[in-house]
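The lines below spell out each chain.
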Amino acid sequence: MLSLTEKKGEPSLDKFVIHGGKPLFGEVTVSGAKNAAVAIIPAALLVDGVCRVENIPMVRDVVIEMEILRELGIGVRVVNHSTIEIDSRGLNKYSAVSDLNRKMRASYYLIGAFLGRFHRAEVAMPGGCNFGGVRPIDQHMKGFEALGAAIETRNGIVFADASKGGLHGASVYLDVVSVGATMNIMLAACLADGQTVIENAAKEPHIVDLANFLNSMGADIMGAGTDVIKIRGVERLYGGTYSIIPDQIEAGTFMAAVAATGGSVLVRNIIPKHMDCITAKMEEMGAVIEEEDDSIRVTRSGPLRKLQVKTLPYPGFPTDMQPQLAAVLCLAEGTSVITEGVWESRFRYSDELRRMGAKIQVDGKVAVIEGVEGLTGAPVRASDLRAGAALVIAGLAAEGTTEIEEIGYIERGYEDLVEKLRKLGADISRVSEEPAADPIPRAN
Ligand code: EPZ
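Keep in mind it's a predicted model, so treat the numbers as computed, not measured.

Some words on unusual backbone geometry
Stage number 1. Following Y314, the chain continues into P315 via a peptide bond in cis, with omega recorded as 10 degrees.
Stage number 2. Checked against the element boundaries, P315 lands in the loop between β18 (308-310) and α11 (322-329).
Stage number 3. Positive phi outside glycine occurs at N200, with the angle close to 60 degrees.
Stage number 4. Secondary-structure assignment places N200 in the loop between β11 (195-199) and α8 (205-216).

Right under this line is the structure:
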């Protein structure tokens, strides 16, 4: 579980210590999807009732979002370790400009939610993982303007105002396939007058999950999961209960860990269809995959084979699995090529893997990885969430000890990672780096 400082969104001084070289065996249960949860929680602001959300991953980004809602005076009740209830009926403000909002990317969903409910929004520009490129939100703004909002950004705050004419349905063609813009426009359009059509929409599983959540509260959204989504505005949304889908990327991360270390692990609580793009690459590398209704067994005993892969929007190979795959390919026979097709660049982790003996050459959006016999443990630093996950995978496979700093990034998106890996036989522990308390001053 997260420490108090991390619950307040402060970065952790703790680190992971891994003694690698052990194959993984056993079973692991995947938590709810982080990238669905961080959109569904703000979406509750649109609901005139109580939302009970189950299968919530209690990761740092979710805990920060719960704090942001509480700062707004919204009732957030933790029912158990994976269920919360949100009651935003008393919400009477549309401004969220505190430091907490700057700590994560998904706080921008508050713009769509505030706009949808109040026709006004004042939200601090988002923070979030900086993995090397810019992370614009121009497509979000394009959608809000099409719906009738005037947008202005100043002093690091986005001001959106549709108070004069309200929000009306519109057709929005996204210039780039954007998960965030697709979800944010969906939020703003739910209660608008008329129908909104989003074209060139993103199709990720968490997009469908948000649409299903909103529809279960009374919204009228069709086509989520395709590149054309239609949202008919309704008068109001009612309370209800919704369970979040399993996290496709967490599941893929465990699959990559087994591919790297060898062994055999049953990954429970998955939706096989969501795993297709990852499963295909794991099999291409030489892992054996056995699919059940809601679980997948990954076994790797033979050599790892090299790969060519390009990350693409869903249903392509997910960019959020790119660093994890790179860590595995460091151990493959031959030379692999990874092309980052979604972000401007996303290879900052390569310096850290080189410290462990990896042979990676990066040129812009392309990484060329020459497989090596084995990696060796080293002190490394996580630069973002999935880069951190890649270092964990490399550490589990490496001979010797790996110490990973800046694990706060990793705990943004992985719930109980140490406990889950230890159950699979990994020798990993979380060591507190908190500065030792000042020695008790001696009487002079
Ligand atoms: C979401 O980010 C995820 N984050 C990211 O996962 C993920 O990498 C990304 O989608 C792609 O799947 C959350 O859901 C919280 P985008 P998002 O808008 O929505 C460009 C993780 O590891 N773009 O789909 O910010 C953008 O620069 C995180 O869990 C614009 O040009 O990503 C990028 O090249 C990291 N203008 C591409 O689109 C915009 O207005 C995809 O971005 C928006 C995006």
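Some details on the packing of α11 against helix α13 (residues 385-397)
Stage number 1. Running from amino to carboxyl end, α11 crosses α13 at an angle of 25 degrees, the nearest separation of the two axes being 7 Å. The orientation of α11 relative to α13 falls into the category roughly parallel. Between α11 and α13 lies a crossing whose hand is right-handed. Taking contact as the criterion, the partners of P323, Q324, A327 and V328 in α11 are, on α13, R386, A387, A389, A390, I393 and A394.

Examining the site of the ligand
Stage number 1. Not every one of the 24 residues close to the ligand is listed here, only the nearest: D138, S178, V179, D320 and V342.
Stage number 2. D138 is positioned with one of its side-chain polar atoms (N or O) 2.7 Å from a nitrogen atom of the ligand.
Stage number 3. In the complex, 91% of the free accessible area of the ligand, which totals 820 Å², lies under the protein chains.
Stage number 4. Among the secondary structure elements, those contributing two or more residues to the shell around the ligand are α2 (34-43), α6 (138-146), α7 (179-189) and α13.

Observations concerning the pattern of salt bridges
Stage number 1. Summed over the entire model, instances satisfying the criterion amount to 23 salt bridges.
Stage number 2. Across the salt bridge formed by D14 and R430, the nearest N and O atoms sit 2.4 Å from each other. On the criterion of sequence distance, the pair formed by D14 in the loop between α1 (4-7) and β1 (15-19) and R430 in strand β24 (residues 427-431) is long-range, its members being 416 residues apart.
Stage number 3. D14 sits in the buried class, given a relative accessible area of 6%.
Stage number 4. For R232, the salt bridge is made with D220, and the minimal N-O distance between the two is 3.9 Å.

Observations concerning the side chain of K420
Stage number 1. As for its position among the elements, K420 is in helix α14 (residues 417-422).
Stage number 2. K420 sits in the buried class, given a relative accessible area of 12%.
Stage number 3. Engagement of the side chain of K420 in a polar contact is seen with the side chain of E250, the distance being 2.6 Å.

Regarding the pairing of strand β19 (residues 335-339)
Stage number 1. Here β19 shows a clear split, with S336 and I338 buried on one side and none of T335, V337 and T339 buried on the other.
Stage number 2. Pairing of β18 with β19 involves three bridges; the strand directions are parallel. Each bridged residue has a counterpart across the sheet, and for K310 the counterpart in β19 is T339.
Stage number 3. Handedness of the crossover is the feature at issue here: the chain leaves β18, passes through α11, returns alongside β19, and the resulting connection is right-handed.
Stage number 4. Here β19 runs beside strand β21 (residues 366-370); their pairing, made up of five bridges, is antiparallel.

Rules used in this analysis
- Residues numbered from 1 in each chain as written.
- Predicted model: local features only at pLDDT ≥ 70, side-chain atom pairs only at ≥ 80, totals over all residues.
- Heavy atoms only, no water.
- Helix = DSSP H or I, 4+ residues; strand = E, 2+ residues; numbered from the N terminus.
- Axes fitted to C-alpha atoms, helices over the stretch in contact; angles between N-to-C directions.
- Parallel < 35°, antiparallel > 145°, perpendicular 65-115°, else oblique.
- Left-handed = near helix turned anticlockwise from the far one by under 90°.
- Contact = heavy atoms within 4.5 Å.
- Near = heavy atom within 4 Å.
- Polar contact = N/O pair within 3.5 Å; in protein donor to acceptor, adjacent residues only side chain to side chain.
- Areas by Shrake-Rupley, 256 points an atom, 1.4 Å probe, with all protein chains shown as cover.
- Salt bridge = Lys/Arg side-chain N within 4 Å of Asp/Glu carboxyl O.
- Buried < 20%, exposed > 50% of the residue type's maximum accessible area, 1.4 Å probe, protein only.
- Pairing = 2+ DSSP bridges.
- Right-handed = clockwise from strand over helix to strand, strands pointing away.

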